Amino acid sequence: MEPGDAARLGRGRAARALPPRLLLLPLLPLLLGRGLRAAASASSSGAAAEDSSAMEELATEKEAEESHRQDSVSLLTFILLLTLTILTIWLFKHRRVRFLHETGLAMIYGLIVGVILRYGTPATGGHDKSVSCTQEDRAFSTLLVNVSGKFFEYTLKGEISPGKINSVEQNDILRKVTFDPEVFFNILLPPIIFHAGYSLKKRHFFRNLGSILAYAFLGTAVSCFIIGNLMYGVVKLMKVVGQLSDKFYYTDCLFFGAIISATDPVTVLAIFNELHADVDLYALLFGESVLNDAVAIVLSSSIVAYQPAGLNTHAFDAAAFFKSVGIFLGIFSGSFTMGAVTGVVTALVTKFTKLHCFPLLETALFFLMSWSTFLLAEACGFTGVVAVLFCGITQAHYTYNNLSVESRSRTKQLFEVLHFLAENFIFSYMGLALFTFQKHVFSPVFIIGAFVAIFLGRAAHIYPLSFFLNLGRRHKIGWNFQHMMMFSGLRGAMAFALAIRDTASYARQMMFTTTLLIVFFTVWIIGGGTTPMLSWLNIRVGVDPDQDPPPNNDSFQVLQGDGPDSARGNRTKQESAWLFRLWYSFDHNYLKPILTHTGPPLTTTLPAWCGLLARCLTSPQVYDNQEPLREEDSDFILTEGDLTLTYGDSTVTANGSSGSHTASTSLEGSRRTKSSSEEVLDRALGMGDQPVSSRGTRLVFPLEDNA
């Protein structure tokens, strides 16, 4: 063996003896190079993914920032509209211009801004391709979409007809100024309705309560069915001439009759208030409009709830009809109860706590309790409009007496300002919606038919009811009053809010467009003609709100009366609605002492075995004979004071503490005895807070109660 061979053999043995890891050393540079390249490739793909994610987050932030900017622009638009409206109102009042009301101004400014936004702003948004969901048989309110492993949430905006799929609004600004209808119901309507109840002039309202209830309930129902049936004939005519492109049922016509029967004579009432028009006419119009809104919204809800049995869900079914009537009564009574109970609870809280020591907390609690009434009723399935209306009336009747002087002023001014801003906001939005709303359906035949139908419905509402009411009224509703009430049937915020709440179907879209045009016409034309109409109908203006209409032979006669105050007090008492006279004594003797710091002590009105409860519920001010808290704007609520009526040598006080109770002598010469509650009613309904002294014999012809 050669030495070289031995050396090679040794190296081979040595190589075979090396560990396997050392055998990989020659391959290490190659493997390391491949690993570095793989790592570099992985790191580059990770960096690309991170860059893409960062870009998406940046784009999302930019979209959110742009959306926030557009929201600010849309809100700023309405604030500028309101500011411009206020300045123009001041100019009109300064120049004594009455042909256009502030609501009409708000609508004009809204129209101008709507034209600018519609035709003066470029398209800033776009729509991606449509995604078909043919396997689903209904629309979902919320949709989760999986896009490349990422989930995105979409909410339902509404149905789009196939013919308008390519004309969907691509301007983000216009989409931003189109508010959710629930904004009107949950934010804007509550202060308007509450202010109507809280600022109610109770003396004239309750003096005409029977007539107001007849106009509001029976009249609204008559108007609804007349308008609904006339519009059903118009729809049949449209179908014959080929102008009806989709379904329009009889129940849709009745629904339109219900929402368009909601009157809102805000323009007329503002002019009445400024000119001090006849107080009874003002009370009839205001009371009807306040309760009419509540009736209209409950009536529309009942029509929507009409569900006949069988396949034809729009045919007449007696069982379904009576079920809808029951729903109407249930919703209205439940909403009324909820509003009244909330007001009573607020009155008890303000009476049995010392919140009056902290006016800010007192005002805040009053505001929250009042607003929560609306939301509570809606959450329980009732109608918030009815609840907040009667809550406002209850708060004014009871809670107002318990508030401190600062809180009384604050609550009055707070809700007055909110009412003013909310109402003008709605009317300015009406003008804006004529150009920004994307679901308008203009039908000339339907619009003309609607104008004719509301005129006939209003006439059937006012004149027949006035005829029957005059059969039981001493102070008749004259023809000039009836003509003015007929003329004053404006449509406004409530009709608009009810119409815009549901615009999903073809029929509802046509109703909304027609309602909008009707509101424009009535506010501009009828509102502008109020002052000339007052002059033409010879209706009194410049009347003191506390002054009664001149007596006539149909009401009563006062013979040998020594003072106008005594006659005024007796007149007001006799003309009070019988319904109000029924509950007044119970309210004065029990409810007022329990809920407020006024009224007689419960120890004198409750049975003896209720003595402990009576002492707990009666305010200490009554026991201490202190001056009770007075309801400054009350016209008929008594605050226990000194009312003295002198007849010859006999003196009668309000609490009946004096000897002789001979109050009047009838035609037959019989003697009548007046109870303390009747004397109290005399004072509360018109004789003021000052002591009244009257000598002589007062002879009153007894007449039946007013309607």
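Calculation rules
- Residues numbered from 1 in each chain as written.
- Predicted model: local features only at pLDDT ≥ 70, side-chain atom pairs only at ≥ 80, totals over all residues.
- Heavy atoms only, no water.
- Helix = DSSP H or I, 4+ residues; strand = E, 2+ residues; numbered from the N terminus.
- Buried < 20%, exposed > 50% of the residue type's maximum accessible area, 1.4 Å probe, protein only.
- Contact = heavy atoms within 4.5 Å.
- Areas by Shrake-Rupley, 256 points an atom, 1.4 Å probe, with all protein chains shown as cover.
- Core = buried A, V, L, I, M, F, W, Y, C linked by side-chain atoms within 4.5 Å.
- pLDDT = per-residue confidence, 0-100.
- Phe/Tyr/Trp six-rings, centres within 6.5 Å; stacked < 30°, edge-to-face > 60°.
- Pairing = 2+ DSSP bridges.
- Axes fitted to C-alpha atoms, helices over the stretch in contact; angles between N-to-C directions.
- Parallel < 35°, antiparallel > 145°, perpendicular 65-115°, else oblique.
- Left-handed = near helix turned anticlockwise from the far one by under 90°.
- Nonpolar A, V, L, I, M, F, W, Y, C, P; charged D, E, K, R; others polar.
- Salt bridge = Lys/Arg side-chain N within 4 Å of Asp/Glu carboxyl O.
- Polar contact = N/O pair within 3.5 Å; in protein donor to acceptor, adjacent residues only side chain to side chain.

Across its full length, the protein chain carries 26 helices and 6 strands. Counting over 707 residues, the protein chain shows a buried share of 47%. Considering only contacts in the protein chain between residues 6 or more positions apart, those separated by 24 or more positions represent 79%. Carbon and sulfur atoms make up 64% of the accessible area of the protein chain, which totals about 35,400 Å².

This part covers the nonpolar core. Within the largest apolar cluster, 127 residues are counted, with the highest numbers of intra-cluster contacts made by F184, M231, F248, F256, M484 and F496. For this core, the element with the highest residue contribution is helix α11 (residues 279–304), accounting for 13 residues. Residues within four places of F184 in sequence aside, it is in contact with F179, L189, P190, I426, Y429, F496, A497 and I500.

Looking now at helix α10 (residues 266–275). With respect to burial, α10 is a largely interior element, 7 of its 10 residues being buried. Regarding α10, the residues found buried are V266, T267, V268, L269, I271, F272 and L275. The elements touched by buried residues of α10 are α4 (102–120), α11, α15 (405–436), α17 (479–487), α19 (506–528) and α20 (530–536). Immediately downstream of α10, the backbone of H276 shows phi near 55°, a positive value.

Detailed reading of the predicted coordinates is not advisable wherever pLDDT falls low. With 69% of its residues at a pLDDT of 70 or more, the protein chain has an overall mean of 75. Low pLDDT, under 50, characterises residues 1–32; the predicted model gives this stretch 2 contacts beyond four residues in sequence or across chains. Confidence drops under a pLDDT of 50 for residues 552–575, and excluding neighbours within four residues, the segment shows 64 contacts in the predicted structure.

Moving on, we come to the packing of aromatic side chains. Throughout the structure, instances matching the rule amount to 32 aromatic pairs. With a centroid separation of 6.1 Å and 65° between ring planes, the pair formed by Y198 and Y400 is classed as edge-to-face. Taken together, the residues Y198 in helix α6 (residues 181–198) and Y400 in helix α14 (residues 384–402) connect sequence positions 202 residues apart. Comparing Y198 with Y400 shows no difference in burial state: the two are buried. Measuring from centroid to centroid gives 5.3 Å for F467 and F468, while their planes differ by 75°, and the two rings are edge-to-face.

The buried count for strand β2 (residues 150–155) comes to 0 of 6 residues, which makes it a mostly uncovered element. Looking at chain direction, strand β1 (residues 142–147) and β2 are connected through 6 bridges and run antiparallel. What sits directly across from V145, in β2, is F152. Following β1, the chain reverses through 2 residues before pairing antiparallel with β2; S148 in that reversal takes a positive phi of roughly 55°.

This brings us to the packing of α6 against helix α18 (residues 493–500). Contact geometry of α6 with α18 gives a least axis separation of 10 Å together with a crossing angle of 160°. It follows from the interaxial angle that α6 and α18 lie roughly antiparallel. Two packed elements cross with a definite hand, and for α6 against α18 that hand is left-handed. Touching P181, F184, F185, L189 and I193 of α6 are M494, F496, A497, L498 and I500, all from α18. Taken together, the residues that form the contact of α6 with α18 break down as 10 nonpolar, no polar and no charged.

This part is about the pattern of salt bridges. For the structure shown, the criterion picks out 6 salt bridges. The salt bridge partner of D280 is R207, with a shortest N-O separation of 2.8 Å. Of this pair, D280 sits in helix α11 while R207 sits in helix α7 (residues 202–207), placing them 73 residues apart in sequence. By the burial criterion, D280 is buried, and R207 matches it. Taking the shortest distance from any N to any O, the salt bridge between E288 and R458 comes out at 2.8 Å. Of this pair, E288 sits in helix α11 while R458 sits in helix α16 (residues 444–470); the two residues are 170 residues apart in sequence, bridging distant segments of the chain. Look at the salt bridges and you will find they share partners, linking E182, E378 and R501 into a network.

It is worth spelling out the side chain of T350 at this point. Tracing the backbone through its elements, the reader meets T350 in helix α12 (residues 318–352). Looking at T350, its side chain comes within polar contact range of the main-chain oxygen of T346, at 2.9 Å. Of the polar contacts made by the side chain of T350, one reaches the side chain of N402; its length is 3.4 Å. Residues in contact with T350, not counting those within four places in the same chain, are T399, N402 and L403.

Along the polypeptide, E182 turns up in helix α6. Between the C-alpha atom of E182 and that of A497, which follows or precedes it by 315 residues, the distance is 9.0 Å. Those residues in contact with E182, other than ones at most four positions away along the chain, are I187 and R501.

One way to put it is that α6 packs onto α15 with a least axis distance of 8 Å and a crossing angle of 130°. Classified by the angle between their axes, α6 and α15 sit oblique to one another. In terms of crossing hand, the pair formed by α6 and α15 is left-handed. Across the interface between the two elements, F184, L188, P191, I192, F194, H195 and Y198 from α6 touch T411, K412, F415, E416, L418, H419, A422, E423, F425, I426 and Y429 from α15. Taken together, the residues of the contact of α6 with α15 break down into 12 nonpolar, 3 polar and 3 charged.

With respect to the secondary-structure elements, T399 resides in helix α14. Looking at T399, its side chain comes within polar contact range of the main-chain nitrogen of A347, at 3.4 Å. Not counting residues within four places of it along the chain, the set of residues in contact with T399 comprises G343, T346, A347, T350, F366 and T394.

Tracing the backbone through its elements, the reader meets T531 in helix α20. Exposure remark for T531: the relative accessible area of 27% places this residue in the partly exposed category. Remark: the alpha-carbon pair of T531 and I271, spanning 260 residues in sequence, is separated by 7.4 Å. Residue contacts for T531: discarding those within four places in its chain leaves R98, I271 and L275.

What follows covers unusual backbone geometry. Despite not being glycine, H276 has its phi angle at roughly 55°, a positive value. Following the sequence through the fold, H276 ends up in the loop between α10 and α11. Given the relative accessible area of 39%, H276 is considered partly exposed. Look at N538: it is not a glycine, yet its phi comes out positive at around 55°. By the secondary structure assignment, N538 is in the loop between α20 and α21 (564–575).

Here V341 lies in helix α12. Expressed as a C-alpha distance, the spacing of V341 and A387, which sit 46 residues apart in the sequence, is 9.5 Å.

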